[in-house]
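Observations on the three-dimensional arrangement
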Amino acid sequence: MALSSQLRRLLRSSASVSSPPSSILRATFCSSPSSSAPAPNPPHLSSIIGDDTEVSNVPPLTTPKLFISGLSRLTTDEKLKNTFAPFGQLLEAKVIADRISGRSKGFGFVRYATLEEAENARQGMNAKFLDGWVIFVDPAKPRQQKPAPQPDTDSSHTGFTSNKTVGWCG
DNA sequence: GTTGAGCGTT
């Protein structure tokens, strides 16, 4: 069954999904009654505890491209597109599949026109169900650039190719 | 025929 493996996957990343009990964190900040501590730099508790912002404060996205992970292997591009379409204008929606086997790798990318749409889709579809699997929406990292910039064609015009292997005297 | 870590074929 897919549920068991999904549960295992959820257990792995439970740190970023489950909201930790705030009572424990607040208890940590309770200063001990021992007044021996001079506390030369009293911090503003309001800035530490914060408002209602949970520990996983969602920072604004810096890219309209989103990385969708946890996809079902049956989920395809269109399903992804239809799922993320209501959140904004999709410029791209693709499920990455292995070119050899042709099957999905279980993750994909969606790109919106603006950051707001991406933010909306992220907060709307993160840790939600798609094809029976819990998907995760995260900002995508810039794709691998071109590997070989090819600075110049060396050893083409000089003719100085060290063909002879340098043999170590050792 | 699916068994699950992670960032793409152009």
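Scroll up to find the structure.
Residues numbered from 1 in each chain as written. Chains lettered and ligands numbered in written order. Predicted model: local features only at pLDDT ≥ 70, side-chain atom pairs only at ≥ 80, totals over all residues. Heavy atoms only, no water.

**Focus on the protein's contact with DNA strand B**
Note the threshold: One heavy atom within 4 Å of a molecule or strand makes the whole residue count as near it. Between N or O atoms, a polar contact is any pair within 3.5 Å; within protein, one atom must be a potential hydrogen donor and the other a potential acceptor, and residues adjacent in sequence are included only when both atoms are from side chains. Here a strand is any run of E in DSSP of at least two residues, a helix any run of H or I of at least four, and the numbering for each starts at the N terminus. Residue polarity is assigned by list, with Asp, Glu, Lys and Arg as charged and Ala, Val, Leu, Ile, Met, Phe, Trp, Tyr, Cys and Pro as nonpolar; anything else, Gly included, falls into the polar class.
For DNA strand B, the set of nearby residues contains 25 residues, the closest of which are K65, E92, K94, K105 and R143. In DNA strand B, atoms within 4 Å of the protein come from the sugar-phosphate backbone in 23% of cases. L71 is positioned with one of its backbone polar atoms (N or O) 2.7 Å from a base nitrogen of DNA strand B. Between DNA strand B and E92 there is a distance of 2.6 Å, counted from a base nitrogen to a side-chain nitrogen or oxygen. Where the surface near DNA strand B is concerned, the elements lending two or more residues are α1 (2-12), β1 (65-69), β2 (90-97), β3 (104-112) and β5 (133-139). Class assignment of the residues belonging to the surface near DNA strand B gives a composition of 11 nonpolar, 5 polar and 9 charged.

**A look at the pattern of salt bridges**
Defined as follows: Whenever Lys or Arg places a side-chain nitrogen within 4 Å of a carboxyl oxygen from Asp or Glu, that contact is recorded as a salt bridge. Residue burial is assigned from relative accessible area. The probe radius is 1.4 Å, only protein chains are included, and a residue is buried under 20% of its type maximum, exposed over 50%, and partly exposed in between.
Scanning all chains against the criterion turns up 2 salt bridges. The partner of D131 in a salt bridge is K79, and the shortest N-O contact between them spans 2.5 Å. Of this pair, D131 sits in the loop between β4 (128-130) and β5 while K79 sits in helix α4 (residues 77-84), and the two are 52 residues apart along the sequence. In this structure D131 comes out as partly exposed when scored by relative accessible area, which is 35%. Ionic pairing is found between E92 and R111, a salt bridge with its closest N-O pair at 3.4 Å. Of this pair, E92 sits in strand β2 while R111 is found in strand β3, placing the two residues 19 residues apart along the sequence.

**Points about the pairing of β3**
The line we're drawing: Two strands form a pair only when DSSP identifies at least two bridges running between them.
The pairing of β1 with β3 spans 5 bridges and is antiparallel. Bridge pairing in β3 places S69 opposite F107. Here β2 folds back onto β3 in antiparallel fashion, the turn holding 6 residues, of which G102 has a positive phi close to 80 degrees.

**Brief notes about unusual backbone geometry**
Here the phi dihedral of A127 falls at roughly 60 degrees; this positive angle occurs in a residue that is not glycine. Within the element layout of this structure, A127 appears in the loop between α5 (115-125) and β4. Given a relative accessible area of 32%, A127 falls into the partly exposed group. Positive phi, normally seen in glycine, also occurs at D131, with a value near 60 degrees.

Keep in mind that these numbers describe shape and distance, not what the molecule does.
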